[in-house]
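Notes for the structure review
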Amino acid sequence: MADRTAPRCQLRLEWVYGYRGHQCRNNLYYTAGKEVVYFVAGVGVVYNTREHSQKFFLGHNDDIISLAVHPDKTLVATGQVGKDPYICIWDSYRVQTVSVLKDAHTHGVACLAFDSDGQRLASVGLDAKNTVCIWDWKRGKLLATATGHSDRIFDISWDQYQPNRIVSCGVKHIKFWTLCGNALTAKRGIFGKTGDLQTILCLACAKEDITYSGALNGDIYVWKGLNLVRTIQGAHSAGIFSMYACEEGFATGGRDGCIRLWDTDFKPITKIDLRETEQGYKGLSIRSVCWKADRLLAGTQDSEIFEVLVRERDKPMLIMQGHCEGELWALAVHPKKPLAVTGSDDRSVRLWSLADHALIARCNMEEAVRSVSFSPDGSQLALGMKDGSFIVLRVRDMTEVVHIKDRKEVIHEMKFSPDGSYLAVGSNDGPVDIYAVAQRYKKIGECNKSSSFITHIDWSVDSKFLQTNDGAGERLFYKMPSGKHLTSKDEIKGIHWASWTCVIGSEVNGIWPKYTNITDVNSVDGNYNSSVLVTGDDFGLVKLFRFPCLKKGAKFRKYVGHSAHVTNVRWSHDFQWVLSTGGADHSVFQWRFIPEGITNGILETSPQEGGVDSYSEESDSDLSDVPELDSDIEQEAQINYDRQVYKEDLPQLKQQSKEKNYSVPFLKRERAPEDSLKLQFIHGYRGYDCRNNLFYTQAGEVVYHIAAVAVVYNRQQHTQRLYLGHDDDILSLSIHPVKDYVATGQVGRDAAIHVWDTQTLKCLSLLKGQHQRGVCALDFSADGKCLASVGLDDNHAIVFWDWKKGEKLATTRGHKDKIFVVKCNPHHVDKLVTVGMKHIKFWQQTGGGFTSKRGTFGTTGKLETMMSVSYGRIEDLVFSGAATGDIYIWKDTLLLKTVKAHDGPVFAMHALDKGFVTGGKDGIVALWDDMFERCLKTYAIKRAALSASSKGLLLEDNPSIRAISLGHGHILVGTKNGEILEIDKSGPMTLLVQGHMEGEVWGLAAHPLLPVCATVSDDKTLRIWELSSQHRMLAVRKLKKGGRCCAFSPDGKALAVGLNDGSFLVVNADTVEDMVSFHHRKEMISDIKFSRESGKYLAVASHDNFVDIYNVLTSKRVGICKGASSYITHIDWDSRDRED
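Residue positions are given per chain, counting from 1 as you read along its sequence in written order. Where local features are concerned, this predicted model is filtered to residues with pLDDT of at least 70; where side-chain atom pairs are given and counted, the filter is 80 or more; whole-chain, interface and lining totals use all residues. The side-chain quantities take in all heavy atoms of the structure and omit both hydrogens and water.

Once that is clear, we can look at the overall build of the protein chain. Runs of E in the DSSP output that reach at least two residues are strands. Runs of H or I that reach at least four are helices, and both are numbered from the N terminus. In terms of helices and strands, the protein chain carries four helices and 90 strands. Projected onto its principal axes, the C-alpha coordinates of the protein chain cover approximately 110 × 80 × 75 Å. Type-normalised accessible area, obtained with a 1.4 Å probe on protein chains alone, sets the label of each residue: buried when under 20%, exposed when over 50%, and partly exposed for intermediate values. Evaluated residue by residue, the protein chain yields a buried proportion of 60% over its 1140 residues. Here the contacts in the protein chain between residues at least 6 apart in sequence split such that 48% fall between residues at least 24 apart. Using a 1.4 Å probe, the Shrake-Rupley method yields the accessible areas, and only the shown protein chains count as cover for residues. For the protein chain, the accessible surface area stands at approximately 46,600 Å², while carbon and sulfur atoms represent 50% of it. We count Lys and Arg on the positive side and Asp and Glu on the negative side, and we leave His and both chain ends out. For charged residues, the charge sits on one atom: NZ in Lys, CZ in Arg, CG in Asp, CD in Glu. Looking at the protein chain, you have 137 positive and 139 negative side-chain charges, and the mean spots of the two groups are 1 Å apart. By definition in these notes, contact holds between two residues if any of their heavy atoms fall within 4.5 Å.

Structure (structure tokens):
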């Protein structure tokens, strides 16, 4: 079988070429470490100019468009665009997330500003109201919010001298804000007669209520309080995009390409015109300036960063360059040197040195460039243009060799043949033209079988064949150089391809997730040496696959950074690097390739930080490359908790049906009866799809849940007290570490969590509004103040609550696959761990969000599904129970060792003062020392071990254990079969409560004479219960099929059971052994009844629409009732034994 695992090699982001200057401003600063911080695409970049090195912050999942630096000049805040945009505050030294602020803005975060002591952060949204928010960013708390303005806001700043005053400016306005408590109020600036009402682009606050602002016409407007008091005309000859205030004074930068420095009273000091310098050009426009002592930074509209030393102001240094605005598609690598070339819609072709991370040549064309290709010796460079022409340049001096236009549509793909004699050019017109290089690019062939535009082409090693991919998803083959269409399968099989950049073909089937559109992947490149394939797709991801990957939905490692579509990916000539280009972010990323053998030491321990673990996230879940999943786990992963109708829909539905039936004259309803029912005892415990849901209270009662009821069970009196606050099935339960409080989470469209008191059964707090479908895991923090919950939505959201106040402290997406357990770290309040399908994640709360690190398995153990997890007494250690029966021991995020504990999954684990207790599918409870070095004692759950005081019988020996808890000298165990047992440390076990297992229970019959009833369920068991104060199961028997009905005979000696396969049986009511059985129907038996007096006849109704009548004494069928048009639901005999 083809290997469908993710490749073991990795990529590491090494360099990003470019800077985002367009549609952004004030986004370039010095840090305390004299490094330069800015952003490009979805990456925050910290660039050390002295060492020419870069560090990356990868915590965003879309384009970053705003940036602010904390007064300490180390912390940075960045805001992004997107449907649910968020703000990250991160440390520029370690490039790690410190806090995440979310759930306030939509569309994007346009501006950010820290206040003077760095405690608060102001942000402005891109929504229609340009909402202004004020944050206590450390806690991730929104302090105040207000409508900003009806038009765009371009800049916002805090007044350093008045702590609660903020100024914002934008299209035709400036506003002065006051923050009082949680109210933000604004007053508009008054332009008066002093200056024209116009767009203000940037601002800076000064002493004594003075505000300086840069206007669209190049003037500086000076405000005192709300009034415009003077203007400095002609400060710049065009719009002033950026203003920076520092100790020395102010720096401004404008669309005229000038930087001007002003003293603290805004008197001019000097002017630097970048257009006039050596690197300058006409149209240079400055979007961002920063001034620190004797150095200046300037960022331009066209993605360049200049550094200027004030003493040598005529010699600015160009420290970063990238493509300007416009799509970037063209990418090619030099066949012999560490060089790459890119071409973009900005009409430039650029040559980059991969070893020096620098731009070494740039050439401007007349037309947008959409494809490039080096000749095999690297001497010539072909460019495919947007207008359908192509140009060949001599690489040495970038001079033109030929310019040929044979097509009208864009040339999207071109490649020289490996022997250098031909150039194949694929256009959006559909054909691929073949040109002879030696004959001054004379056209000598055409491949024209494609019905759509050409997307990718590859040559064979011997230059005799060409394969093409087109927009219609076809892969075609041609003989070269004639362009004859090749159809013979055998001939095609034998071709060796020189490169692999096609996205269609059996060798790359695995790059397509199941059920996808084949236009999602824009580019691939195969590395034959290491058998890996790199791809770039429309979701901004660069992925590594094994090559060839034949089966759809293969595993991969994924890397984030590009925000929009990745247009092209290529390996460097020596396979040291991968290059990727971003379409809309027009940036070039250079990734270092780390082959398999090297990864262990370096990388595994220091995965790049950045919110998302940039080492393969969703790929290691869909369980293709693992040994067969344990049947219990598989079954559980498949359970769907969606409801057709939720409880909250009922009033509406009732109203609707009332309205429908209103026209019918109805009889007056009788009064309700005087008597009422009170729920006294519930048989059952939910163990089949839940875990950790069984605990002792401080008072020694047992708390657990079944259906929509939480049960507090008294062991001495065998009585129950019930918490009935939920309106749908409870799925999770956690107990408070100090008080007798319990949290329970239920199924629901808006699934609620109740925190309640086990003594009074009163609800203390109701938490709603965060989870969809249901709450599958809960855990209180060690101090009991907070509660962590996990939802059943597609991302398995994790929410951290201050449950008393009912407020959400932080939230994050958990994992793509089901999470089984969440555990709060007893030593650190802000840390959690989650385990589930194929993952373990270690979480750190950051403000209103969390960052996660995945467990690193290394060579110690295999990536496994984890079913249980516990913290030990030692601070950094975490213990998790795997589906294989092993215990995995973790230090921080690293796997130290594994210990074999059970046969089959370890479903339950509980930490003790010294050591642990575990329970598994094998039905064994084991006690361990504190490092799982010795197993101190095991208890097998068997019928033989049950004590005389048990309130029932075990359905089978060694049932699968789903919950374990310790206290009051006993071990409390919950099983998958719905049994709760108490094990005395010396060995005997007492069964306390039990019920049916998974599946619906429909069949119920009361004994005619004794306080006994029988039930039959889809779980394939028939059970007989005692209804007196004993409340226990008297007998149980397994059936070959589930059943939906049962009935006692009038004398109570026989019990008839109807099964789901159309058969039924009659058993002895005492011994539950067979008396007779019949199988006359195909559909399920829905009701069964003995005749009333002597029980001579038995009527059996089925979903086949018939009722069969049997003579009980002779065991023969004596009649069939026909005539029902649908399935039978209920039957009854009349008092004279004639059936109704």
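To continue, consider the packing of aromatic side chains. Pairing of aromatic rings covers Phe, Tyr and the six-membered ring of Trp, with a centre-to-centre limit of 6.5 Å; geometry is then stacked below 30 degrees between planes, edge-to-face above 60, and tilted otherwise. Counted under the stated rule, the structure contains 41 aromatic pairs. Each residue in the set Phe176, Phe191, Tyr221 and Trp223 is aromatic and connected to the rest through ring pairs, giving one cluster. We count a charge as sitting over a ring when the NZ of a lysine or the CZ of an arginine lies within 6 Å of the ring centre and within 35 degrees of the ring normal. One residue, arginine 287, lies across the ring of phenylalanine 241, its end atom 4.1 Å from the ring centre. The cationic tip of arginine 962 hangs over the ring face of phenylalanine 907; the distance from NZ or CZ to the ring centre is 4.1 Å.

Attention now moves to the sheet that holds strand S81 (residues 1021-1026). The pairing criterion for strands is at least two bridges between them, as found by DSSP. Pairing is antiparallel in the open sheet, where four strands are placed in the order S79-S80-S81-S82. Here the strands that pair on one side only, and so sit at the sheet edges, are strand S79 (1001-1006) and strand S82 (1032-1038). Here the average twist between neighbouring strands, direction ignored, is 20°. In this sheet, S82 lies alongside S81 in antiparallel orientation, the contact comprising six bridges. From the neighbouring strand, isoleucine 1024 faces S82, where its bridge partner is alanine 1035. Interaxial angles span 0 to 180 degrees and are taken between N-to-C directions of axes, which are lines fitted to C-alpha atoms, for helices over the stretch in contact.

So, on to the pattern of salt bridges. We define a salt bridge as a contact between a side-chain nitrogen of Lys or Arg and a carboxyl oxygen of Asp or Glu at a distance within 4 Å. Within this structure, the stated rule accounts for 45 salt bridges. With its nearest N and O atoms 3.7 Å apart, the salt bridge here joins aspartate 91 to arginine 94. Look at aspartate 91 and you get buried, because its relative accessible area is 12%. Overall, the relative accessible area of 48% leaves arginine 94 in the partly exposed class. Residue arginine 350 pairs with aspartate 346 through a salt bridge whose shortest N-O separation is 3.7 Å. Like arginine 350, the residue aspartate 346 is buried in the burial classification.

Next up on the list: the nonpolar core. As used in this record, nonpolar core signifies buried Ala, Val, Leu, Ile, Met, Phe, Trp, Tyr and Cys residues forming a set joined through side-chain atoms within 4.5 Å. Counting 80 residues, the largest nonpolar core has Leu11, Tyr38, Ile259 and Leu274 as the members making the most contacts within it. Counting 21 residues, the second largest nonpolar core, distinct from the first, contains Phe477, Val503, Val524 and Ala554.

All right, on to helix H3 (residues 631-638) then. Helical periodicity: at 3.6 residues per turn, an α-helix aligns residues three or four positions apart in one direction. Inspection of H3 places Asp632, Ile633 and Glu636 among the buried residues, and these make up the whole buried set. Looking down the long axis of H3, one finds its buried residues gathered within 95° of arc, a one-sided arrangement. When we speak of the arc, we mean the arc of directions from the helix axis to the C-beta atoms.

Now for the confidence of the model for the protein chain. Note that predicted coordinates carrying low pLDDT should not be read in detail. pLDDT: the predictor's confidence for each residue, scored from 0 to 100. In this model, the protein chain carries a mean pLDDT of 88, and residues with pLDDT of at least 70 account for 95%. Confidence over residues 599-627 falls short of pLDDT 50; this stretch has 81 contacts with residues more than four positions distant or in other chains.

A few words now on the sheet that holds strand S25 (residues 268-273). An order of S22-S23-S24-S25 is seen for the four strands of this open sheet, with the pairing classed as antiparallel. Every other strand in the sheet has two partners, leaving strand S22 (240-246) and S25 as the edge strands with one partner each. Taken over all neighbouring pairs, the strand axes of this sheet differ in orientation by 15° on average, direction set aside. Bridge count for strand S23 (residues 249-254) against strand S24 (residues 258-262) is four bridges, and the pairing is antiparallel. Residue glycine 253 lies in a different strand from S24, and its bridge partner there is isoleucine 259.

A word on the environment of glycine 125. Structurally, the position occupied by glycine 125 is in strand S11 (residues 120-125). Along the backbone, glycine 125 and methionine 837 are 712 residues apart, and their C-alpha atoms lie at a distance of 37 Å. Not counting chain neighbours up to four residues away, the residues in contact with glycine 125 comprise His105, Gly108, Ala110, Asn130 and Thr131.

Note on terminology: disulfide denotes any pair of cysteine sulfur atoms within 2.5 Å. The tally for this structure, following the rule as stated, stands at zero disulfides. Between cysteine 258, a free cysteine, and cysteine 202, which holds the nearest cysteine sulfur, the sulfur-to-sulfur gap is 14 Å.

Let us now look at the pairing of strand S10 (residues 109-114). Across the six residues that make up S10, a large majority, six, are buried. Where S10 and S11 come together, five bridges link them in antiparallel fashion. Following the sheet pairing, alanine 113 is matched in S11 by alanine 122. Linking S10 back to S11 in an antiparallel pair, the connection comprises five residues, with glycine 118 at a positive phi of about 75°.

What follows concerns the environment of aspartate 779. Along the chain, aspartate 779 falls in strand S59 (residues 763-780). We classify aspartate 779 as buried; its relative accessible area is 11%. Counting along the chain gives 430 residues from aspartate 779 to valine 349, while the straight-line C-alpha distance between them is 57 Å. Once residues within four sequence positions are removed from consideration, aspartate 779 is found in contact with Ser734, Cys786, Leu787, Ala788, Val822, Lys823 and Cys824. Polar contacts involving the side chain of aspartate 779 include one to the main-chain amide nitrogen of cysteine 824, which spans 2.8 Å. Pairing of N or O atoms within 3.5 Å defines a polar contact, subject to two protein rules: one partner must be a possible hydrogen donor and the other a possible acceptor, and residues neighboring in sequence count only if both atoms are side-chain atoms.

Turning our eyes to something else, we now look at the pairing of S79. For S79 and strand S80 (residues 1012-1017), the ladder comprises five bridges, and the chain directions are antiparallel. Within the sheet, the bridge partner assigned to valine 1001 lies in S80 and is serine 1017. Two successive antiparallel strands, S79 and S80, enclose a turn made up of five residues.

Looking at the element boundaries, serine 580 is found in strand S51 (residues 577-582). A polar contact of 2.9 Å, which involves the side chain of serine 580, links it to the side chain of tryptophan 591.

Let us now look at unusual backbone geometry. Outside of glycine, negative phi angles account for most residues, and trans bonds account for most peptide bonds. Of note, the bond from methionine 480 into proline 481 is cis; its omega dihedral lies within 30 degrees of zero at 0°. By the secondary structure assignment, proline 481 is in the loop between strand S44 (475-479) and strand S45 (484-486). Phi is positive for lysine 838, which is not a glycine, with a value near 55°. Turning to its location among the elements, lysine 838 is positioned in the loop between strand S64 (831-836) and strand S65 (839-846).

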